[in-house]
Every structure is written in C-alpha cells, then in structure tokens.
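An overview of the molecular structure
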Amino acid sequence: MTMSRAIAAIFVTAALAGCAQTEAQQRTSTGALLGAGAGALAGQAIGGNTKSTVIGAGAGALLGAVVGNATTPQPRSEQLCRYQDRTSGRIYTAPCDDRYYNGDY
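Residues numbered from 1 in each chain as written. Predicted model: local features only at pLDDT ≥ 70, side-chain atom pairs only at ≥ 80, totals over all residues. Heavy atoms only, no water.

**A look at the overall build of the chain**
The criterion, for reference: We count a stretch as a helix when DSSP gives it H or I for four or more residues in a row; a strand needs E for two or more, and each element gets its number in order from the N terminus. Only heavy atoms enter the contact rule, under which two residues are in contact if any of them lie within 4.5 Å. Computed with the Shrake-Rupley method and a 1.4 Å probe, the accessible areas treat only the protein chains shown as cover for residues.
The helix and strand tally for the chain stands at four helices and two strands. What you see in the chain, going N to C, is helices and strands ordered as α-α-α-β-β-α. Of all intrachain contacts in the chain linking residues separated by at least 6 positions in sequence, the fraction that spans at least 24 positions is 37%. Of the accessible surface of the chain, which amounts to about 7600 Å², a share of 60% is contributed by carbon and sulfur atoms.

Below, the structure is given as structure tokens:
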C-alpha cells in the first residue's frame, strides 16, 4: 500500500511540474521530481525495503526542490548592485544599470 502511494505521489508531482508558471517554479518542481527519483533509488539501494525507499524519495524531493530553486538565475531587472554616493559617501542598493553588465563600472 505504501509503495502505491509513493508512486501516486510521484505521478502527481510530475503532473504539477507541467503546470508551473515561472522559471523558478519550473526549476523547483523539476528538481523535486529528479531528486525524488534519485532519492528513491538510493533509499532502495541502501535499505532494501519500502520504508527506506519512501524516506529516500522524500529527502531527495526536498533537496532537489531547494537546489532547483537556489540555482534559478535572477532576471536583470531584479538584480541589485551596491553604489556609493560620491558627495556623502552613503552606500545604497539599487537595480544594476548597464555599466554593470558591460563591465564599465
């Protein structure tokens, strides 16, 4: 019964992975799906029973989702740079301008 639930959970995750809207959501769900598969294989190889397979799948899904989300590149408009005001010396953050991307800073 537990193995059928694990298989159903994998199919539901795969179905939801196709519904993601943003790149971050797609990378997170793809990472979770790949991590669950790798974790299930590792859990089965290490423990050799259903319990270890399910634990491995859960741990792999969590780790895969975290890695997929953390490696999503930020769009240019959301990247922030640190600037220093020449008159007051105050340091502030603001969206990066073209000088940053062209290497002219």
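There's plenty left to go through after this.
**Overview of the packing of helix 2 (residues 23-47) against helix 3 (residues 50-70)**
Each packed pair of helices is defined by two parameters, the angle between the axes and the distance between the axes. Put simply, the rule is: Each axis is a line fitted through C-alpha atoms, and for a helix only the stretch in contact is used; angles between axes span 0 to 180 degrees, taken between their N-to-C directions. Oblique is the label for any angle not covered by the other classes, which are roughly parallel (under 35 degrees), roughly antiparallel (over 145) and roughly perpendicular (65 to 115). Handedness of a crossing is defined here by the sense of rotation of the near helix relative to the far one, left-handed for an anticlockwise turn of less than a right angle and right-handed for a clockwise turn. The classification used treats Ala, Val, Leu, Ile, Met, Phe, Trp, Tyr, Cys and Pro as nonpolar, Asp, Glu, Lys and Arg as charged, and all other residues, Gly among them, as polar.
In the contact formed by helix 2 and helix 3, the axes pass within 5 Å of each other and the chain directions differ by 150°. The angle between the axes of helix 2 and helix 3 places the two elements in the roughly antiparallel class. Helix 3 is crossed by helix 2, and the crossing has right-handed handedness. Contacts from Ala24, Arg27, Thr28, Gly31, Ala32, Gly35, Ala36, Gly39, Ala40, Gly43, Gln44 and Gly47 of helix 2 reach helix 3 at Ser52, Thr53, Gly56, Ala57, Gly60, Ala61, Gly64, Ala65, Gly68 and Asn69. Counted by class, the contact of helix 2 with helix 3 contains seven nonpolar, 14 polar and one charged residues.

**A few points about the confidence of the model for the chain**
Convention followed: Confidence scores per residue from the predictor, reported as pLDDT, run from 0 to 100.
Residues with a pLDDT of 70 or more make up 82% of the chain, whose mean pLDDT is 82. For the chain, the element scoring lowest by mean pLDDT is helix 1 (residues 2-17), at 67; helix 3 scores highest, at 92.

**A word on the pairing of strand 2 (residues 91-95)**
Just so we agree on the cut-off: Strand pairing is defined by DSSP finding a minimum of two bridges between the two strands.
Looking at chain direction, strand 1 (residues 80-84) and strand 2 are connected through five bridges and run antiparallel. Paired with Gln84 across the two strands is Ile91, which belongs to strand 2. In this antiparallel pair of consecutive strands, strand 1 and strand 2, the connection spans six residues, and Gly89 shows a positive phi of 80°.

**Concerning the state of the cysteines**
Applicable threshold: Counting rule for disulfides: a pair of cysteine sulfur atoms within 2.5 Å. Relative accessibility under 20% of the residue-type maximum defines a buried residue, over 50% an exposed one, and the middle range a partly exposed one, all with a 1.4 Å probe and only protein chains included.
Inspection of the entire model under this criterion finds one disulfide. The partner cysteine of Cys81 in its disulfide is Cys96, sulfur to sulfur 1.9 Å. Handedness here is read from the sign of the S-S torsion; for Cys81 and Cys96, about 100°, the answer is right-handed. Note that Cys81 is positioned in strand 1 and Cys96 in the loop between strand 2 and helix 4 (98-102), a separation of 15 residues in sequence. Its relative accessible area of 12% is what places Cys81 among the buried residues.

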